[in-house]
Amino acid sequence: MRLALAAVALLAATPALAELKPGAAAPLFTAAGSVAGQPFTVDLKAALKKGPVVLYFFPAAFTPGCNAEAHAFAEAIADFKAAGATVIGMTAGNTDQIAKFSSAYCAGKFPVAAATPAVAAGYDVALKKPDGSASGYTSRTSYVIAPEGKVIFVHSDMSAAGHVNMTLAAVKRYQATRR
């Protein structure tokens, strides 16, 4: 029943008007999250010190598209690591399920965190209801952020298809320009 209500809410929600564009400064944040079911603090500034970051927002844990997307990122994590990138998942929806989701669909391979209203607003990923009020969910938007904190790639599409391949290709293009 809860899943059905979440699906109805997502269908009624409309995407944010715009996401951050390439060249924009990525807002820094720390957020509570989990890796493999264990508490973890996501710190974007610290992650960027290691290389580019793929920051992907998804509507809600344990929904079909979000499950598939998290699983696809988990399956490709070795490719992202080989390309020097860190993957971070974030959602504003059902954040009480993040710990379980980080084990079940992220397979413990990358952190997933709760997107606070400030983080959702900063990345312009808050989904709105048709009346313009907050839905409590985030759009499915993936960012690639260069180590200096600039957005270098954005893909915003409620379909989970393509987010993993497109962000990995963007990381590889970025790394090729650094050689």
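The coordinates are above.
This one's a predicted model, so the numbers in the text were calculated from it and none came from an experiment.

**Q** Please set out the overall build of the chain residue by residue, giving values where relevant.
**A** Along its length, the chain carries seven helices and nine strands. For the chain, contacts bridging at least 24 residues in sequence account for 69% of all contacts bridging at least 6. Accessible surface, the chain as shown: approximately 8300 Å² in total, 60% of it carbon and sulfur.

**Q** Talk me through the sheet that holds strand β3 (residues 53-57); I want residue IDs and the actual numbers.
**A** Spatially, the seven strands line up as an open sheet ordered β2-β1-β5-β4-β3-β8-β9, and their pairing is mixed. Looking at which strands have only one partner, the edges of the open sheet turn out to be β2 (38-43) and β9 (151-156). The average undirected angle you get between the axes of adjacent strands in this sheet is 25°. Examined bridge by bridge, β3 and strand β4 (residues 86-91) share five bridges and lie parallel to one another. Counted as the bridge partner of Val53 is Thr86 from β4. Seen against the sheet, helix α3 (residues 64-75) touches β3, β4 and β8 (141-145) and runs at an angle of roughly 165° to β3. Lying over the sheet, helix α7 (residues 163-177) contacts β3, β8 and β9, oriented at roughly 165° with respect to β9.

**Q** Describe the pairing of strand β7 (residues 134-138), listing the residues and the values that go with them.
**A** Sheet analysis places strand β6 (residues 126-128) next to β7, joined by two bridges and oriented antiparallel. Residue pairing across strands places Lys128 opposite Ala134, the latter belonging to β7.

**Q** Could you give an account of the layout of surface pockets, with specific residues and numbers?
**A** Looking at the largest pocket, its volume works out to about 280 Å³. Phe40, Lys50, Thr86, Val87 and Pro111 are, among the 17 residues lining the largest pocket, the residues nearest its centre. It is β2 that contributes the most residues to the lining of the largest pocket, four residues altogether. Within the lining of the largest pocket, the residues separate by chemical class into 11 nonpolar, two polar and four charged.

**Q** So what's going on with the packing of aromatic side chains? Residues and values would help.
**A** The tally for this structure, following the rule as stated, stands at 13 aromatic pairs. Ring centres of Phe73 and Phe80 lie 5.6 Å apart, and the angle between their planes is 35°; this geometry places the pair in the tilted category. On the basis of relative accessibility, which here comes to 0%, the residue Phe80 falls in the buried class. Aromatic side chains Phe73 and Phe110 sit 6.3 Å apart centroid to centroid with 65° between the ring planes, which places their arrangement in the edge-to-face category. A residue pair is termed long-range when its members are at least 10 positions apart, and Phe73 in helix α3 and Phe110 in the loop between α5 (98-104) and β5 (112-114) qualify at 37 residues. Overall, Phe110 belongs to the buried group, its relative accessible area being 1%. Each residue in the set Tyr56, Phe58, Phe62, Phe73, Phe80, Phe101, Tyr105 and Phe110 is aromatic and connected to the rest through ring pairs, giving one cluster. A cation over an aromatic ring shows up here: Lys100 above the ring of Phe62, its NZ or CZ 5.7 Å from the ring centre.

The rules behind the values
- Residues numbered from 1 in each chain as written.
- Predicted model: local features only at pLDDT ≥ 70, side-chain atom pairs only at ≥ 80, totals over all residues.
- Heavy atoms only, no water.
- Helix = DSSP H or I, 4+ residues; strand = E, 2+ residues; numbered from the N terminus.
- Contact = heavy atoms within 4.5 Å.
- Areas by Shrake-Rupley, 256 points an atom, 1.4 Å probe, with all protein chains shown as cover.
- Pairing = 2+ DSSP bridges.
- Axes fitted to C-alpha atoms, helices over the stretch in contact; angles between N-to-C directions.
- 1 Å grid on protein atoms, 1.4 Å probe; cavity = no way out; pocket = protein on both sides within 12 Å on 5 of 7 lines; lining within 4 Å.
- Points joined across faces, edges and corners; volume = space filled by probe spheres on them.
- Nonpolar A, V, L, I, M, F, W, Y, C, P; charged D, E, K, R; others polar.
- Phe/Tyr/Trp six-rings, centres within 6.5 Å; stacked < 30°, edge-to-face > 60°.
- Buried < 20%, exposed > 50% of the residue type's maximum accessible area, 1.4 Å probe, protein only.
- Lys NZ or Arg CZ within 6 Å of the ring centre and 35° of its normal.

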